[in-house]
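The residues making up each chain are set out below.
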Amino acid sequence: ENEPLILGIETSCDETGVGLVRGQTLLADAIASSVDEHARFGGVVPEVASRAHLEAMVPTIRRACETAGVKLSDVDAVAVTSGPGLAGALLVGVAAAKALALSIDKPLYGVNHLAAHVAVDTLEHGDLPKGAVAMLVSGGHSSLLAVEDITEGVQPMGSTIDDAAGEAFDKVARVLGLPFPGGPYVDKAARDGGDRAYVTFPRGLTSQRDLERHRFDFSFSGLKTAVARWVEAKRRDGEDVPVNHVAAAFQEAVCDVLTRKAIDACKDRGYEHLLIGGGVAANSRLRAMAEERCAAAGIAVRVPRPGLCTDNGAMVAALGSELVRAGKDPSPLELPADSSMPI
Ligand code: KG4
Ligand code: ZN
């Protein structure tokens, strides 16, 4: 193989990820997560995340190289998430990437975390389609993006105006007494005999009036509150809370809005491809509903396997690789970490 070898570093939230990619082939995807340390707080604590990145950085780089059977000196370029994300957490990754690039005398590529979530699909399905809508749904973001050429960046079409989709899953999980991070537990509870039609929870920003201003935006805070009120009312009346049914009905509301708006975005742009990424893309109901509704609308869906949907270093290496292959200029060594980086 004479394609360049790219090492990617991801530290924007609570996962320390180091990926190695050659061309569009994934060689290693090492991850250290501090999620357990945040669990007792019910959410990611920035200080704790930064410290964990610092401790995990070097061992994770080493583990990735061992898995891929390469030496650091074999790496042809270093890519790193430079934003958006937690400021202190990003700084650890950016500093490590700079030090590494400098020490092996290879170019540095600062990349946008959201664009990296889109680019990771190349590792599973090859070149991205020429025009596509990407829906990114995670604990930190819920966005609809238009993607013409990933090496030129992505264009925002809409995003959440309050909670992210994953955040809503996590908060509803807490209300239902399920562990953190709650998405996978809600998914599982719903699959274990949950009745999606047991309650009809609100679909945010879907009324005619809201669509005029927020056609491609999301809102999950009202839904979360509606679920919490419903559950509280049951408890107050001394009744059992049917956790599986509530999980299924809540999940149905989230997936209904996400898929409806994503398909509408494809139609608006005239795109026949929808890419889905981010932690919530691992949701079984979202995957099934997207397949079904997109098939009916003549849209092809691409969703990477769940392990590539959540934050990882491979996605950063994948985008770095696309940039190198397209002959893009590297970033200066002064590359800043930008916690509120625009898309
Ligand atoms: O992309 P990710 O790993 O990190 C962020 O950038 O946030 O996404 C984590 C989020 C969490 O909110 C988690 O509850 C959610 O993704 N998640 C899920 C599922 N698996 C993870 N949500 C719904 N269903 C799932 N199966
Ligand atoms: Zn992410």
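In the nomenclature of an unreviewed UniProt entry, the protein is known as tRNA N6-adenosine threonylcarbamoyltransferase of Kribbella amoyensis. On record in UniProt, under Catalytic activity (unreviewed entry), the comment for the protein is "L-threonylcarbamoyladenylate + adenosine(37) in tRNA = N(6)-L-threonylcarbamoyladenosine(37) in tRNA + AMP + H(+)". Here the protein is described in UniProt, under the heading Sequence similarities (unreviewed entry), as follows: "Belongs to the KAE1 / TsaD family."

Asker: Break down the overall build of the protein for me, citing the residues and quoting the values.
Answerer: When helices and strands are tallied, the protein shows 13 helices and 10 strands. In summary, the protein has a C-alpha radius of gyration of 20 Å against a globular reference of 20 Å for 343 residues, a match within 12%. Per-residue burial over the protein gives 53% buried out of 343 residues. Restricting to contacts in the protein with at least 6 residues of sequence separation, those with at least 24 account for 75%.

Asker: An account of the domain arrangement of the protein is needed here, citing residue identities and associated values.
Answerer: Frequently, the measure chosen for interface size is the accessible area that the parts lose on association. Examined at the domain level, the protein breaks down into domain 1 (5-120 + 312-325) and domain 2 (129-304). The distance between the C-alpha centroids of domain 1 and domain 2 comes to 27 Å. If you look at the interface, domain 1 gives 14 residues, while domain 2 gives 18 residues. If you list the elements that add at least two residues to the side of domain 1 that touches domain 2, you get helix H1 (35-39), helix H4 (113-119) and helix H13 (313-325). Looking at the side of domain 1 that touches domain 2, the element that brings in the most residues is H4, giving five residues. Taken together, the residues that form the side of domain 1 that touches domain 2 break down as 10 nonpolar, three polar and one charged.

Asker: Any chance you could break down the UniProt feature "binding site: substrate" (unreviewed entry) in the protein for me, citing the residues and the numbers?
Answerer: Sequence positions flagged by UniProt for "binding site: substrate" (unreviewed entry) are, in local numbering, Leu136, Val137, Ser138, Gly139, Gly140, Asp170, Gly183, Asp187 and Asn283. Taking the number of C-beta atoms within 10 Å as the measure of exposure, Ser138 has 25 and is therefore buried. With residues near it in sequence (within four places) discarded, Ser138 still touches Ala164, Gly166, Gly278, Gly279 and Val280. By the secondary structure assignment, Asp170 is in helix H6 (residues 165-175). When the 24 C-beta atoms within 10 Å are taken as the criterion, Asp170 is described as buried.

Asker: Give a detailed account of the packing of helix H10 (residues 243-269) against helix H11 (residues 284-297), specifying residues and quantitative values.
Answerer: Between H10 and H11, the shortest axis-to-axis distance is 10 Å and the interhelical angle comes to 35 degrees. Taken as a pair, H10 and H11 cross one another with a handedness that is right-handed. Of the residues in H11, those touching H10 at Gln251, Glu252, Cys255, Leu258, Thr259 and Ile263 are Arg285, Leu286, Met289, Ala290, Arg293, Cys294 and Ala297. Residues belonging to the contact of H10 with H11 are distributed by class as follows: eight nonpolar, two polar and three charged.

Asker: Lay out the confidence of the model for the protein with the relevant residues and their values.
Answerer: On average, residues of the protein score 96 in pLDDT, and 100% of them reach the 70 mark or higher. Model confidence for the complex: the whole-complex pTM is 0.93, and ipTM, which rates the interface, is 0.98.

Asker: Give a detailed account of the sheet that holds strand E7 (residues 142-147), specifying residues and quantitative values.
Answerer: An order of E8-E7-E6-E9-E10 is seen for the five strands of this open sheet, with the pairing classed as mixed. Of all strands in the sheet, those with a lone pairing partner are strand E8 (155-159) and strand E10 (300-302), marking the two edges. Neighbour-to-neighbour, the strand axes of the sheet open up by a mean angle of 25 degrees, direction not taken into account. The pairing of strand E6 (residues 132-137) with strand E9 (residues 273-277) spans four bridges and is classified as parallel. Bridged to Val133 within E9 is Leu274.

Asker: I'd love a proper account of the sheet that holds strand E4 (residues 77-83), names of residues and values included.
Answerer: A sheet is described by the order of its strands in space; here five strands give the open sequence E3-E2-E1-E4-E5, paired in mixed fashion. What marks the edges here is a single partner per strand, and that holds for strand E3 (25-33) and strand E5 (108-112). Averaged over all pairs of adjacent strands, the angle between strand axes in this sheet comes to 20 degrees, irrespective of strand direction. Of the strand pairs in this sheet, strand E2 (residues 15-22) and E3 are connected by eight bridges, and their pairing is antiparallel. In the sheet register, Gly17 faces E3, and the bridge partner there is Ile31.

Asker: Describe the nonpolar core, with residues and values.
Answerer: As a rule of thumb, nonpolar side chains are buried together in soluble globular proteins. In this structure, Leu274 and Leu319 are the most contacted members of the largest nonpolar core, which totals 115 residues. The element contributing the most residues to this core is H10, with 15 residues. Two domains each donate at least three residues to this core, and these are domain 1 (5-120 + 312-325) and domain 2 (129-304). The residues touching Leu319, leaving out its near neighbours within four places in the chain, are Ala79, Val111, Ala115, Ala116, Ala119 and Ile150.

Asker: Describe the site of ligand 1, with residues and values.
Answerer: The environment of ligand 1 is formed by 19 residues, the closest being Gly139, Gly166, Gly183, Gly279 and Thr310. When contributions to the shell around ligand 1 are tallied by element, the ones reaching two or more residues are H6 and helix H7 (183-191). Here the shell around ligand 1 is composed, by residue class, of six nonpolar, 10 polar and three charged.

Asker: So what's going on with the UniProt feature "binding site: Fe cation" (unreviewed entry) in the protein? Which residues, and what values?
Answerer: The UniProt record marks His113, His117 and Asp311 with the feature "binding site: Fe cation" (unreviewed entry), using the residue numbering of this structure. Spatial clustering of the annotated residues is evident: they stretch over 199 residues in sequence, but the largest pairwise C-alpha distance comes to 8.9 Å. For His113, the position within the fold is in helix H4. Sequence-distant contacts of His113, that is, excluding residues within four places in its chain, are made with Ser12, Thr81, Gly83, Pro84 and Gly85. His117 has contacts with Leu136, Gly277, Gly278 and Met315, leaving out every residue within four places of it along the chain.

The rules behind the values
- The numbers attached to residues start from 1 for each chain and follow its sequence in the written order.
- Here chains are named by letter from A upward and ligands by number from 1 upward, in the order in which they appear as written.
- Residues qualify for local features only when their pLDDT is at least 70, as the model is predicted, and side-chain atom pairs are given and counted only at 80 or more; totals for whole chains, interfaces and linings, by contrast, use all residues.
- UniProt positions are given in the numbering used here, feature names are shortened, and annotations may be inferred rather than shown by experiment.
- Secondary structure is summarised from DSSP: a helix means a run of H or I of at least four residues, a strand means a run of E of at least two, and numbering begins at the N terminus for each.
- The globule rule is 2.2 Å times the number of residues to the power 0.38, and the radius of gyration it is compared with is taken over C-alpha atoms.
- In this scheme every C-beta is placed from the backbone, and a residue whose C-beta has 20 or more other C-beta atoms within 10 Å is buried, one with 12 or fewer is exposed, and one in between is partly exposed.
- Contacts are defined on C-beta atoms placed from the backbone: any two residues whose C-beta positions lie within 7 Å are in contact.
- Throughout the structure description, domain borders are defined by an automatic or database domain assignment.
- Put simply, Ala, Val, Leu, Ile, Met, Phe, Trp, Tyr, Cys and Pro go in the nonpolar bin, Asp, Glu, Lys and Arg in the charged bin, and everything else, Gly too, in the polar bin.
- To define axes, lines are fitted to C-alpha atoms, for helices over the stretch in contact only, and angles between the resulting N-to-C directions are given on a 0 to 180 degree scale.
- What makes a crossing left-handed is the near helix being turned counterclockwise from the far one by less than a right angle; a clockwise turn instead makes it right-handed.
- The predictor attaches a confidence to each residue, called pLDDT, with possible values from 0 through 100.
- Strand pairing follows a simple DSSP-based rule, namely that at least 2 bridges must link the two strands.
- Core membership is restricted to buried Ala, Val, Leu, Ile, Met, Phe, Trp, Tyr and Cys residues, and these are joined into a nonpolar core through C-beta atoms within 7 Å.
- A molecule or strand has a residue near it when that residue's C-beta atom, placed from backbone coordinates, lies within 6 Å of it.

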